[in-house]
Every structure is written in C-alpha cells, then in structure tokens.
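# Summary of structural features
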Amino acid sequence: MVKSKRRAKAVIGIIILIFIVLVIFLKVKYGTYGLHDFNCFFRQSKQEILEKEGDPVSREKLYGSCEDIKFEDIEYTFIGNYMESVRITDPDIRFGILQIGVGSSKKEVMLAYGLKETLSNEEENEYAVQNGIYSTSFYFDENDRVYKIACGTGV
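Now for a look at the structure at hand. (Residues numbered from 1 in each chain as written. Predicted model: local features only at pLDDT ≥ 70, side-chain atom pairs only at ≥ 80, totals over all residues. Heavy atoms only, no water.)

## Considering the pattern of salt bridges
- Throughout the structure, instances matching the rule amount to 4 salt bridges.
- Here Arg-87 makes a salt bridge to Asp-68, at a shortest N to O gap of 3.6 Å. Within this pair, whereas Arg-87 is found in strand S4 (residues 82-88), its partner Asp-68 is found in strand S2 (residues 66-70), the two being separated by 19 residues in sequence. When sorted by exposure, Arg-87 lands in the same class as Asp-68, which is buried.
- The partner of Glu-75 in a salt bridge is Arg-87, and the shortest N-O contact between them spans 3.0 Å. Linking Glu-75 in strand S3 (residues 74-79) with Arg-87 in strand S4, this pair joins segments that are 12 residues apart in sequence.
- In this structure Glu-75 comes out as partly exposed when scored by relative accessible area, which is 21%.
- Residues joined by salt bridges that share partners form a network here, namely Lys-46, Arg-59 and Glu-67. (Salt bridge = Lys/Arg side-chain N within 4 Å of Asp/Glu carboxyl O. Helix = DSSP H or I, 4+ residues; strand = E, 2+ residues; numbered from the N terminus. Buried < 20%, exposed > 50% of the residue type's maximum accessible area, 1.4 Å probe, protein only.)

## A short note on the nonpolar core
- By size, the foremost hydrophobic cluster in this structure holds 27 residues, and its most contacted members are Phe-41, Tyr-76, Val-86, Ile-88 and Phe-138.
- Those elements that provide at least two residues to this core are helix H2 (35-42), helix H3 (46-53), S3, S4, helix H4 (106-112), strand S7 (126-131), strand S8 (134-140) and strand S9 (146-152).
- For Ile-88, the residues in contact, after removing those within four places along its chain, are Phe-41, Asp-73, Ile-74, Ile-93, Phe-95, Val-102, Tyr-147, Lys-148 and Ile-149. (Core = buried A, V, L, I, M, F, W, Y, C linked by side-chain atoms within 4.5 Å. Contact = heavy atoms within 4.5 Å.)

## Comments concerning H3
- Regarding H3, the residues found buried are Lys-46, Ile-49 and Leu-50. One side of H3 holds all its buried residues, which, seen down the axis, span an arc of 100°. Structural note: H3 exposes Glu-51 and Lys-52 on the side pointing more than 90 degrees away from its buried face.
- On its buried face, H3 sits against strand S1 (58-63), S2, S3 and S4. (Arc of directions from axis to C-beta.)

## A closer look at the pairing of S3
- Strand direction decides the pairing type here: S2 and S3, joined by 5 bridges, are antiparallel. Note on S3: the bridge partner recorded for Cys-66 is Ile-79.
- Of the strand pairs in this sheet, S3 and S4 are connected by 6 bridges, and their pairing is antiparallel. Following the sheet pairing, Tyr-76 is matched in S4 by Val-86.
- Joining the antiparallel neighbours S3 and S4 is a turn of 2 residues, in which Gly-80 adopts a positive phi near 65°. (Pairing = 2+ DSSP bridges.)

Next comes the structure, spelled out in structure tokens:
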C-alpha cells in the first residue's frame, strides 16, 4: 500500500516535470525570447533616455526628424521621439530569463532563441533573429562571445 502510493507520487512528479520541460521547450522554440524586456527597453522615449543616461557623447541629426544619440556603450537612433534602433556594447544590459547580453556565449544565445533560423548573415559571425516586431542581431568575437547587439525596426 505504501509502495503504491510512493510509486503513484513518483509517476505524477515525472509527468509534471515532463510537462514543465515541454512548455519551456515550446516557449523557447516558438515564443519570442525576452519580449517583455525588449518591449520595456524600446518603449522609452528620447527624453526618458536622456534623463536616465545623462549627457551623450554625441548627437547627430541624420535627416528630417531622425537623430543618432551616442553614449559610452550604447547608440540610439530615434525618429522623432521614438526609438527606431539601438546598438549595444554595454555588458550590463541584459534580456530575458537567461540574461543574454554582451559577453554571453554563442551557445547561450542559440539556446535562448531555440536555434531559430537566422534572418541574414551580412557579416561572418552574426546571428540575426526576428524578436517580435524587432530584428535582433548578435555579433560574436573569435571566442564566440557576444561583443555587440543591434536591434530595432530598422536594423
């Protein structure tokens, strides 16, 4: 009687564990990795970023209302007051549950994105994926570590 209860509990535990692993796999494979973090990051206005980051290293009007604003380890492109794209070399900016960012290994990035098919390979060591409405490109150094992330609607 006691053994059958233990066995039933063990079977139920294994079934729950398999279900959890399956849900995580499907979320990684078919979900959008770090969507909440990306949305929070991209919903910042130009004014919010200037207040948070302080004085930029440089500001350059490109055309019309398009402007590049560069800080030490991050470069933003705005159209009007809204961020269009960003290039990140700051190791403190991380995305998603695995905290992917500059310094992450290629294996971590591939795991986070479920080995999704790359969008393009303009440069030799680039992995570009669709991340919701944003395209995200990871650039790897000779040690297969991320050294730059570029993401946005216009990247």
